[in-house]
Each structure stands twice: as structure tokens, then as C-alpha cells.
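# Chain and residue survey
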Amino acid sequence: MTLRHPSRTSAPTRLHGRRIMMRPLAAGDFRAWSEVRAHNEEWLTAWEPRRNLSLPDPTVERSAFSARCAQRDRDRTVGIAYQFGLFIDEQIAGEVNLNNVIRGAMQSGTIGYWIDQRHAGHGYVAEGVSALIRYAFDTLGLHRVEICIVPRNTKSRRVMEKLEIRDEGTAQRYLEINGEWEDHIRYGITVEEWHSRCAELINTWLG
């Protein structure tokens with residue numbers, strides 16, 4: 001049953017795919033997370049907003065990472081974002097996050113993700129996105145989820161193709177990415193689509 005107005009503090013400790021586990025990151029994850037981010041700096045920064053150089057860098061400063069985790073805990077408590085580390089064989093390998101949660105008449109959120117290049121191409125992100133979509137609809141009671149991707153980011157778009165998420169068209173100069181205002185393809189799925197496809201997606205990606 002979909003919950004229309006769930007408790008804002010009911011975020012799960014764990015989400016699972018066939019091979020992955022996801023949970024909110026904590027201060028104790030700093031070393032492992034920072035090592036993965038450092039190893040993938042060039043791979044990731046091409047697709048992310050430019051970091052504000054006047055702020056502490058959570059990839060190298062433990063206190064900044066702890067503050068990042070604390071802010072995400074607060075976001076989850078008030079129900080505006082639900083952010084998860086993605087783990088493979090108990091090792092941090094990326095993140096899958098539900099951001100910009102809007103209630104009222106919209107009941108929507110936006111999913112973003114990244115993965116260690118060493119694990120790319122094996123369907124791990126598809127599992128994570130499927131688990132988070134299930135959570136967004138079946139637990140949080142959202143009506144719509146979207147994923148926005150720079151058109152030339154073919155690897156991220158491949159996740160949408162694997163999951164057969166609907167392409168809703170391209171928004172011009174939609175987000176600042178690495179210092180440039182970039183077009184984004186907007187992919188969307190509604191709760192009605194989820195209900196019609198959930199058995200297929202769960203069987204394929206979540207087990």
C-alpha cells in the first residue's frame with residue numbers, strides 16, 4: 001500500500017538490490033568515501049556542479065564530511081531529501097540520492113547518482129535507482145520521480161535505458177555543471193507507471 005502522508009522520520013536504515021545495499025552515510029564512512037571520490041575525481045567532476053572553493057572540501061576534510069552527513073540527516077528528518085551511500089560487498093562504491101522532495105500538489109522528487117568507475121557498467125546503479133524509486137512511491141507516497149541527465153552523459157543515460165524510464169524531453173540550460181549551464185534530458189516515472197511495472201522491476205533488479 002502507498003502511504004500518502006508517511007512519517008518524515010521513517011527513512012529506512014537499509015535499501016537492497018540483488019547485489020547492492022544502500023544506507024545513509026555517517027561520519028565513520030569518511031576515509032572510504034574520500035578514497036573513492038579521490039580515485040574518481042576526473043571521472044565525476046565533469047558531470048557535477050562546480051564546488052564552491054570558499055567552502056571546506058568534504059573529500060579531504062573530515063569535519064566537512066561530518067557536517068555533510070549531519071545536514072543530510074536533517075534533510076531526511078524534515079522530509080526534503082533522502083540520500084544513500086551505495087555499497088557493493090560492504091564497500092562504498094557510490095551514492096543514489098532523492099533530492100528536492102516537494103509535497104503539496106506536486107508530491108515529487110529528483111534522483112541523482114554516481115558510481116566508482118571501477119564498478120560502472122554492471123547494473124549496480126540500476127539496482128540502486130530501482131530500490132530508491134520503490135521507496136519513493138511505496139514508503140514516501142510520492143506521485144512522480146524524475147532523473148535529469150546531460151545528453152552526452154551516455155553512461156548515465158544507459159541506466160535509464162536499462163530501466164526503461166520515460167524520456168520527457170530536453171530542458172535547455174537546466175543546471176550548472178562543472179561551470180557551464182547544460183541542457184538536461186528529463187526522465188520521469190509516476191506512481192501509476194510504477195504500479196503497472198513494479199513486479200517487473202522488482203523481479204529484474206531487486207529480487
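A quick note: this is a predicted structure, and the numbers were derived from the prediction, not measured.

The subject of this paragraph is the nonpolar core. Ile111, Tyr113, Val129 and Met160 are the most contacted members of the largest nonpolar core, which has 42 residues in total. The dominant element in this core, judged by the number of residues it contributes, is helix α4 (residues 124-138), at 10 residues. Excluding its chain neighbours within four sequence positions, the residues that come into contact with Ile111 are Val96, Asn97, Leu98, Val129, Leu132, Ile133, Val145, Glu146 and Ile147. Judged by nonpolar contacts, the second largest core, of 11 residues, contains Val36, Phe65, Ile92 and Trp114.

It is worth spelling out the packing of aromatic side chains at this point. Counted according to the given criterion, the structure contains five aromatic pairs. Taking the centre distance of 5.8 Å and the plane angle of 50° together, the rings of Phe30 and Phe65 count as tilted. With Phe30 in helix α1 (residues 30-39) and Phe65 in helix α3 (residues 62-78), the pair connects residues that are 35 residues apart, well separated along the chain. With a relative accessible area of 9%, Phe30 lands in the buried category. An angle of 35° between the planes, with centres 4.9 Å apart, marks the rings of Trp33 and Phe65 as tilted.

All right, on to the sheet that holds strand β6 (residues 144-149) then. Here we have eight strands laid out as an open sheet, ordered β1-β2-β3-β4-β5-β6-β8-β7, and mixed in their pairing. Of all strands in the sheet, those with a lone pairing partner are β1 (15-16) and β7 (166-177), marking the two edges. The pairing of β7 with strand β8 (residues 180-190) spans seven bridges and is antiparallel. Following the sheet pairing, Asp167 is matched in β8 by Tyr187.

Next up on the list: α1. For α1, every residue scored as buried is listed here: Phe30, Trp33, Ser34, Val36 and Arg37. Within α1, the buried residues cover an arc of 160° as seen down the axis, which keeps them to one side. Opposite the buried face of α1, at more than 90 degrees from it, the exposed residues are Arg31 and Ala38. Buried residues along α1 sit against α2 (41-45), α3, β4 (91-102) and β5 (108-115).

The next point concerns the confidence of the model for the protein. Confidence in the prediction of the protein, expressed as mean pLDDT, is 94, and 94% of residues score 70 or more. This stretch, residues 1-5, has a pLDDT under 50; its non-local contacts, to residues over four places away or in other chains, come to 14 contacts.

Cut-offs used in this document
Residues numbered from 1 in each chain as written. Predicted model: local features only at pLDDT ≥ 70, side-chain atom pairs only at ≥ 80, totals over all residues. Heavy atoms only, no water. Core = buried A, V, L, I, M, F, W, Y, C linked by side-chain atoms within 4.5 Å. Buried < 20%, exposed > 50% of the residue type's maximum accessible area, 1.4 Å probe, protein only. Helix = DSSP H or I, 4+ residues; strand = E, 2+ residues; numbered from the N terminus. Contact = heavy atoms within 4.5 Å. Phe/Tyr/Trp six-rings, centres within 6.5 Å; stacked < 30°, edge-to-face > 60°. Pairing = 2+ DSSP bridges. Arc of directions from axis to C-beta. pLDDT = per-residue confidence, 0-100.

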